[in-house]
Amino acid sequence: MSTAKKTRTDSGRSFREAWTESFGMVEHNGKALCTLCNESVVCRTSSVRRHFDTNHKSIAQLGEMERKEFLEEKLRKHRSQSLSFCNDLSTAPHLAADSFQISVCAAKHGKPLSDGDIIKMAMLSGSDSLFHDFPNKDKIIRRLSEMPLRRNTVKDRGQCMASDVSQQLTTDLQKAACYSMCLDESTDINNHTRLAIILRYAVGDIMREELVKLVSFPERTQGIEIYDAVMEAFLSHDIRPEKVVSITSDGAPSMVGETSGFIQFFVKEAKHQIIQFHCIIHQDALCASKKFDDVLKDVTKMVNYIMSHALNFPQFQALLEEVQAQYNCLLMYDNVRWLSRGQVLERFVACLDEIRLFTNEKGQEYPQLTDTAWLANLMFFTDFTRHFHVLNQQLQGVGKTAERMFCDIKTFERKLQVFERDLESGQLKYFPNLKRHFENSATFAGNPTSRQEIYKEFSSIVAAAMMNFSNRFLQFRKMETTLCFLTSPDKAKFEELDLSCLHWLDLGNLEMELLEFQESSIWKNKFYDLRETLEKIEGMAKDSTVSSENEILKVWNFLPSSFKSMKALGIALLTLFGSSYACEQLFDSKMKSLKCGILGQIILSQ
């Protein structure tokens, strides 16, 4: 009887070539290496089969022919990737490494592949004078000339690194116990929708937020199309939908629709309820008054007249320099970068006198610039949006926990009460631009009745904003006690926790573990110390490298396995996205080029 060929390993067991075809295994350092997840398995048929059936269940359930084709494709990619790295690094490690570094730099700055030759040419042209006093000058120049930076080489380097990064991402996601998903859309100049899919998960003692895929849709997107794109991305990285605990989006109907929204389709796939969050920053922006939109529309029209005309912009800039203004230009506003609207108004008000002078010289009539009522609205909304801008700054940033973000929202709700009283009293301590306008305006100087009416109108706008805040953030309010469990499990009461979307937890075990935990001073002290550490981190500079979420994760990981249900809940809460800022940041920093027509067409053609 014929038997499969065996390869003797250091452990004494043999690698069987039949595992390659059946389970996608290859021999590596005396063990069986899974090409699907890069994990090593003991050379034993039962271990290999158990690994495949447990970690790659979706693939194991495929038909025989379909599974065989899938594994052959994975093996082919694995072999080509290994061969590519070996070929690149075996010829000249120092030159290959340098070539990789330059290729990374070019990719990060969005430069064409052919720029590698230009970089090499520039280095060689300056090397003769730069190294003229070096005894080994000729050797340095020869080394530079040997550096492989041709277009195809730079392309291969990029593809090689992209493949390696993708494989690392797949490995990390398969190891993660759970993850949360953030989705958001943006459009380019060609009206093509871009969907960003970002996952947040824990790897060891580090929290990660990683872009899984940036999908392009040529037409308007619907829930089922988003679902198909997400599932395709999940399948390519062998991501299990049942591990997703929450989804954060911008609240669009295509995302949250009751019958045909993406989340409804995804919940059916995951087979359990999922925590749904509407981006907290989006909700904050929706609380602004409709009157604000009218003022912003007028301001945008005037700014565009100055900034978007080739002759007007340099002339206005020269005027600002001549009068030594605080700023050297205005800021333009667009719907994509909606978080900047407070800064747009603030700079407009700072340059208001120069704007009046410039538009008069150009013969452009804007009656709003002399209308005291419109100017009063402008000053009020400039001050009001400045307070919103401070809140937005607090809510922005990668790694913010949902608990911390909702604390900022509750604090701002209390500030709104102070703003309302400030307007009713007429002191205007928190509205400096409005106060200055009233003091300098002859119209309001001798007319206190008119000022009182305006104070009343503006205080009603603040009151409406308070009402809007109280009617929003419903999911955050519902889960407020549960979110506090993340940093204060020692104070939590099991019956007050909202675990309605966490049926995958062993709730009976969780309750017993919580009782045991709260009676143990050793473990409770860990969270006392954690809260002190978080207070210190809050007081650090913004550019500090210390991450509060990583500190929280370290403490949860430190708990023994006897608290496994508590640890599962704590880490799940830590993965939650409070906002879609990660997607907004991606669109703002990485997709500026896609707003340019020519480059957008080039990217789409590729």
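Residues numbered from 1 in each chain as written. Predicted model: local features only at pLDDT ≥ 70, side-chain atom pairs only at ≥ 80, totals over all residues. Heavy atoms only, no water.

As named in an unreviewed UniProt entry, the protein is General transcription factor II-I repeat domain-containing protein 2-like, taken from Thamnophis sirtalis.

**Comments concerning helix H16 (residues 352-361)**
Within the span of H16, buried status applies to Leu352, Glu354, Ile355, Phe358 and Thr359. Buried residues along H16 cover an arc of 155 degrees about the axis, so they all sit on one side. Relative to its buried face, H16 has exposed residues pointing more than 90 degrees away, namely Asp353, Asn360 and Glu361. Positive backbone phi, at 70 degrees, marks glycine 363, one or two positions downstream of H16. (Buried < 20%, exposed > 50% of the residue type's maximum accessible area, 1.4 Å probe, protein only. Helix = DSSP H or I, 4+ residues; strand = E, 2+ residues; numbered from the N terminus. Arc of directions from axis to C-beta.)

**Here we look at the nonpolar core**
The biggest cluster of nonpolar side chains holds 99 residues, and the ones touching the most others in it are Phe348, Phe380 and Leu434. Broken down by element, the residue count for this core peaks at eleven residues, all from helix H17 (residues 372-395). Excluding its chain neighbours within four sequence positions, the residues that come into contact with leucine 434 are Ala376, Met379, Phe380, Asp383, Leu423, Leu428 and Phe458. By size, the runner-up hydrophobic cluster in this structure holds 31 residues, among which are Val215, Ile226, Met231 and Met255. (Core = buried A, V, L, I, M, F, W, Y, C linked by side-chain atoms within 4.5 Å. Contact = heavy atoms within 4.5 Å.)

**As for the sheet that holds strand S5 (residues 40-41)**
Strand order in the open sheet formed by three strands is S3-S4-S5, with antiparallel pairing between adjacent strands. Here the strands that pair on one side only, and so sit at the sheet edges, are strand S3 (25-28) and S5. Where strand S4 (residues 31-34) and S5 come together, two bridges link them in antiparallel fashion. Directly across from alanine 32, in S5, lies its bridge partner valine 41. (Pairing = 2+ DSSP bridges.)

**Some points on the packing of helix H6 (residues 115-130) against helix H7 (residues 137-146)**
Angle between the axes and distance between the axes: these two values describe a pair of packed helices. With their axes 10 Å apart at the nearest point, H6 and H7 run at an angle of 170 degrees to one another. With respect to their mutual orientation, H6 and H7 come out roughly antiparallel. In contact with Lys120, Met123, Leu124, Ser127 and Asp128 of H6, H7 contributes Lys137, Ile141, Leu144 and Ser145. (Axes fitted to C-alpha atoms, helices over the stretch in contact; angles between N-to-C directions. Parallel < 35°, antiparallel > 145°, perpendicular 65-115°, else oblique.)

**Things to note about unusual backbone geometry**
Positive phi, close to 55 degrees, is recorded for aspartate 238, a residue that is not glycine. Mapping aspartate 238 onto the fold places it in the loop between helix H9 (223-236) and strand S9 (244-249). Here aspartate 238 falls in the buried class, since its relative accessible area comes to 11%. Unusually for a residue other than glycine, glutamine 324 sits at a positive phi of about 55 degrees. Examined against the element boundaries, glutamine 324 turns out to sit in the loop between helix H14 (312-322) and helix H15 (341-350).

**Digging into the sheet that holds strand S7 (residues 193-203)**
Taken together, the five strands give an open sheet; going across it, the order is S8-S7-S6-S9-S10, and neighbouring strands pair in mixed fashion. Looking at the sheet topology across the chains shown, the edges are occupied by strand S8 (206-217) and strand S10 (275-278). Strand-to-strand, the axes of this sheet are offset by a mean angle of 20 degrees, without reference to chain direction. Direction of pairing for strand S6 (residues 179-187) relative to S9: parallel, over a ladder of four bridges. When the sheet's bridge partners are listed, methionine 181 is paired in S9 with isoleucine 247. Of the strands in this sheet, S6, S7, S8 and S9 are in contact with helix H27 (residues 564-575), which crosses S7 at around 150 degrees.

**So, the packing of aromatic side chains**
Under the counting rule described, the total for this entry stands at 29 aromatic pairs. For the pair phenylalanine 380 and phenylalanine 458, a centre-to-centre distance of 4.2 Å together with 5 degrees between the ring planes defines the contact as stacked. With a gap of 78 residues between them, phenylalanine 380 in helix H17 and phenylalanine 458 in helix H21 (residues 448-471) connect regions that are remote in the sequence. On the accessibility criterion, phenylalanine 380 (0% relative accessible area) is buried. Ring centres of phenylalanine 412 and phenylalanine 469 lie 5.5 Å apart, and the angle between their planes is 40 degrees; on these two criteria the pair is classed as tilted. On the criterion of sequence distance, the pair formed by phenylalanine 412 in helix H18 (residues 402-425) and phenylalanine 469 in helix H21 is long-range, its members being 57 residues apart. In textbook terms, an aromatic cluster arises when at least three aromatic residues are bridged by ring pairs, as seen for Phe380, Phe381, Phe384, Phe388, Phe412, Phe419, Tyr430, Phe431, Phe458, Phe469 and Phe473. Positioned above the aromatic ring of phenylalanine 100, the side-chain terminus of arginine 157 is 4.8 Å from the ring centre. (Phe/Tyr/Trp six-rings, centres within 6.5 Å; stacked < 30°, edge-to-face > 60°. Lys NZ or Arg CZ within 6 Å of the ring centre and 35° of its normal.)

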